[in-house]
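Single-letter residue listing:
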Amino acid sequence: MIPFNKPYLSGKELDYIQDAVLNQGKLSGNGKYTNLCQNFFNTRYGFKKSLLTTSCTDALEMAAILADIKEGDEVIMPSYTFVSTSNAFVLRGAKIVFADSRADHPGIDEDAIESLITAKTKAIVPVHYAGVACDMEKIMNLANKYNLLVIEDAAQALDNDFTFSDGTKKALGAIGHLAAFSFHETKNIISGEGGLLAINDERFSRRAEIIWEKGTNRSEFFRGEVDKYGWVDMGSSFLPSEMIAAFLWAQLENIDRIQERRIAIWNQYETQLKDWALKNDVMLPFIPENSTNNAHMFYLVCKDVEQRTNLIQRLKDNKVSAVFHYLSLHKSAFYQDKHDGRQLKQTDRYSECLVRLPLYFELSNEQVKMITEVIVNG
Ligand SMILES: *Cc1c(COP(=O)(O)O)cnc(C)c1O
């Protein structure tokens, strides 16, 4: 069976964990490897501050606390996303206002946001689906106009850029006030479970560190900025152990090699499926001009659910695991009676028709060729 995903070990993961365990004398968080990773992110992507977390879910929960989301506040986000995007804000009492996706890709329809803004709106949470950039220029302009916060769910978007109309390029996750990344084993760069909160608005820097360290100013104490530390704010234990950070550091050292291979696989899929897709009314991933491609995912959007069911079955019969993705959150058991009843046509379409193909570092050219032949010759 060709699995949908296979975690890739780049080589030094176990060496660095061994170093963390045997040599550093520090297994809890915020040590050598945490610092190496955080500095890497700040330098490579231009984040003002980076804090490793135990998951992207945690990073989103931190962001919701930092954004001071309270009972009754409204937060706008796509319905076609993972539950963690919305749960983080639901936990703080927010009402989620779901927006539809674009017709040309599953990201939030930027032009549908403004009409959803009310006096209660506090934040917009764009999700860079498949790593593809939402139009951050439109979204930041709206945020400025209505004085809203932007929290990027960049779980899938590591190592991708957005280009503004004046030609300025910025890394995804470096544009919103806050951004959350995931290193779950299904993402491009992994640590099993793991995440990152990127802080781009310096107003949040000090408080972020405190929330991260259980509501204490422990980090300031260790830097010698205060002579004792104590409980100064609400918080939780959001930081991962050094063993997780050590694993992540080995991955980050190999990010260019990992990305190069994933992009090659992605391009091979596109080349071999282009003509078939056109003939069969199937949509391939669309990458707008203002986004780069980090090859997080290769998906197909079938013309209807029946075509998708048949395709998934045919691949399964040929020992290939292809999987569909999110079920519309506005129709979920938890949220359907809280949703305001608007139809979200594109969201439902992706929910019914999108299928993801295997994409991982060790997938060979021959395997990609076999998978595309099963699809094309079906
Ligand atoms: C993977 C993912 C998450 C959750 O990440 P975890 O690290 O597993 O908590 C959140 N949002 C999106 C869009 C994701 O793809």
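Here the structure is a predicted model, which is why all the values come from computation and not from measurement.

(A) Examining the site of the ligand more closely. Near the ligand there are 15 residues, and of these Thr57, Asp153, Gln156, Ser182 and Lys187 occur at the shortest range. The separation between an oxygen atom of the ligand and a polar side-chain atom of Thr57 is 2.5 Å. Between an oxygen atom of the ligand and a side-chain N or O atom of Lys187, the distance comes to 3.3 Å. The fraction of the free accessible surface of the ligand (380 Å²) that becomes covered by protein chains is 92%. Here the shell around the ligand is composed, by residue class, of five nonpolar, eight polar and two charged.

(B) Layout of the pattern of salt bridges. By the definition in use, this model includes 22 salt bridges. For Asp159, the salt bridge goes to Arg44, with nearest N and O atoms at 3.0 Å. Of this pair, Asp159 sits in the loop between strand E5 (149–153) and strand E6 (161–163) while Arg44 sits in helix H2 (residues 32–45), placing them 115 residues apart in sequence. What makes Asp159 partly exposed here is its relative accessible area of 22%. Where Asp337 meets Lys338, a salt bridge forms, and the shortest distance between an N and an O atom there is 3.9 Å. Residue class for Asp337 comes out exposed when judged on its relative accessible area of 65%.

(C) Expanded view of helix H8 (residues 242–252). Of all 11 residues in H8, nine are buried, a share of seventy percent or more. Looking only at H8, the buried set comprises Glu242, Ala245, Ala246, Phe247, Leu248, Trp249, Ala250, Gln251 and Leu252. On its buried side, H8 packs onto helix H1 (13–22), H2, strand E1 (49–53) and helix H9 (255–279). Where H8 begins, the side chain of Ser241 points an oxygen toward the backbone nitrogen of Met243, at a separation of 3.2 Å.

(D) Summary view of the domain arrangement of the protein chain. Once the domains are mapped, the protein chain shows domain 1 (13–252) and domain 2 (255–376). Placing a centre on the C-alpha atoms of domain 1 and another on those of domain 2 gives a separation of 25 Å. Facing 45 residues of domain 1, the contacting portion of domain 2 comprises 36 residues. On the domain 1 side of the interface with domain 2, the three residues burying the most area are Tyr80, Phe98 and Asn188, jointly 20% of the side's total. Connecting domain 1 to domain 2 are one salt bridge. Joining domain 1 to domain 2, the criterion identifies 28 residue pairs in polar contact (both at pLDDT 80 or more). Secondary structure elements with two or more residues in the side of domain 1 that touches domain 2: H2, helix H4 (83–90), strand E3 (95–99), E6 and H8. Counting residues per element, the side of domain 1 that touches domain 2 draws most heavily on E3, at five residues.

(E) Looking closely at the pairing of strand E9 (residues 195–199). When you tally the buried positions in E9, you get five out of five residues, the bulk of the element. By the alternation rule, side chains of E9 split into Gly195, Leu197 and Ile199 and Leu196 and Ala198, which are all buried. The pairing of E1 with E9 spans five bridges and is classified as antiparallel. Counted as the bridge partner of Leu51 is Leu197 from E9. Across five bridges, strand E8 (residues 178–182) lies against E9 in antiparallel orientation. Paired with Ala180 across the strands is Leu197, a residue of E9.

(F) Geometry of the confidence of the model for the protein chain. When pLDDT is averaged along the protein chain, the result is 97; 100% of the residues meet or exceed 70. For the protein chain, helix H7 (residues 218–222) is the element with the lowest average pLDDT, namely 91, and E8 is the one with the highest, namely 99.

(G) Molecular detail of a nonpolar patch on the surface. Taken together, the side chains of Val21, Leu22, Leu27 and Met243 present a nonpolar region at the surface, about 330 Å² in accessible area. With respect to the helices, strands and loops of the structure, Met243 is situated in helix H8. Residue classification places Met243 among the partly exposed residues on the basis of a relative accessible area of 32%.

(H) Looking closely at the packing of H9 against helix H12 (residues 365–376). Look at H9 against H12: their axes get within 10 Å of each other, and the N-to-C directions meet at 25°. By the angle between their axes, H9 is roughly parallel relative to H12. When you trace H9 past H12, the crossing you get is right-handed. Contact residues: Arg261, Ile265, Gln268, Tyr269, Gln272, Leu273 and Trp276 in H9; Asn365, Val368, Lys369, Ile371, Thr372, Ile375 and Val376 in H12.

(I) Fine view of the packing of aromatic side chains. For the structure shown, the criterion picks out 21 aromatic pairs. Within the aromatic cluster, the residues linked to one another by ring pairs are Phe40, Phe41, Tyr45, Phe47, Phe181, Phe183 and Trp249. Positioned above the aromatic ring of Phe334, the side-chain terminus of Lys338 is 3.9 Å from the ring centre.

(J) Broad picture of the side chain of Thr81. Residue position: Thr81 is located in the loop between strand E2 (74–78) and H4. One polar contact links Thr81 to Thr85, side chain to side chain, over a distance of 2.8 Å. Non-local contacts of Thr81, meaning those with residues more than four positions away in its chain, are made with Val127, Asp153, Tyr326 and Leu329.

Calculation criteria
Residues numbered from 1 in each chain as written. Predicted model: local features only at pLDDT ≥ 70, side-chain atom pairs only at ≥ 80, totals over all residues. Heavy atoms only, no water. Near = heavy atom within 4 Å. Polar contact = N/O pair within 3.5 Å; in protein donor to acceptor, adjacent residues only side chain to side chain. Areas by Shrake-Rupley, 256 points an atom, 1.4 Å probe, with all protein chains shown as cover. Nonpolar A, V, L, I, M, F, W, Y, C, P; charged D, E, K, R; others polar. Salt bridge = Lys/Arg side-chain N within 4 Å of Asp/Glu carboxyl O. Helix = DSSP H or I, 4+ residues; strand = E, 2+ residues; numbered from the N terminus. Buried < 20%, exposed > 50% of the residue type's maximum accessible area, 1.4 Å probe, protein only. Contact = heavy atoms within 4.5 Å. Domains from an automatic or database assignment. Buried area = accessible area lost by both parts, 1.4 Å probe. Pairing = 2+ DSSP bridges. pLDDT = per-residue confidence, 0-100. Patch = residues over 30% accessible without salt bridge, like charges linked within 9 Å, V, L, I, M, F, W, Y side chains within 5 Å. Axes fitted to C-alpha atoms, helices over the stretch in contact; angles between N-to-C directions. Parallel < 35°, antiparallel > 145°, perpendicular 65-115°, else oblique. Left-handed = near helix turned anticlockwise from the far one by under 90°. Phe/Tyr/Trp six-rings, centres within 6.5 Å; stacked < 30°, edge-to-face > 60°. Lys NZ or Arg CZ within 6 Å of the ring centre and 35° of its normal.

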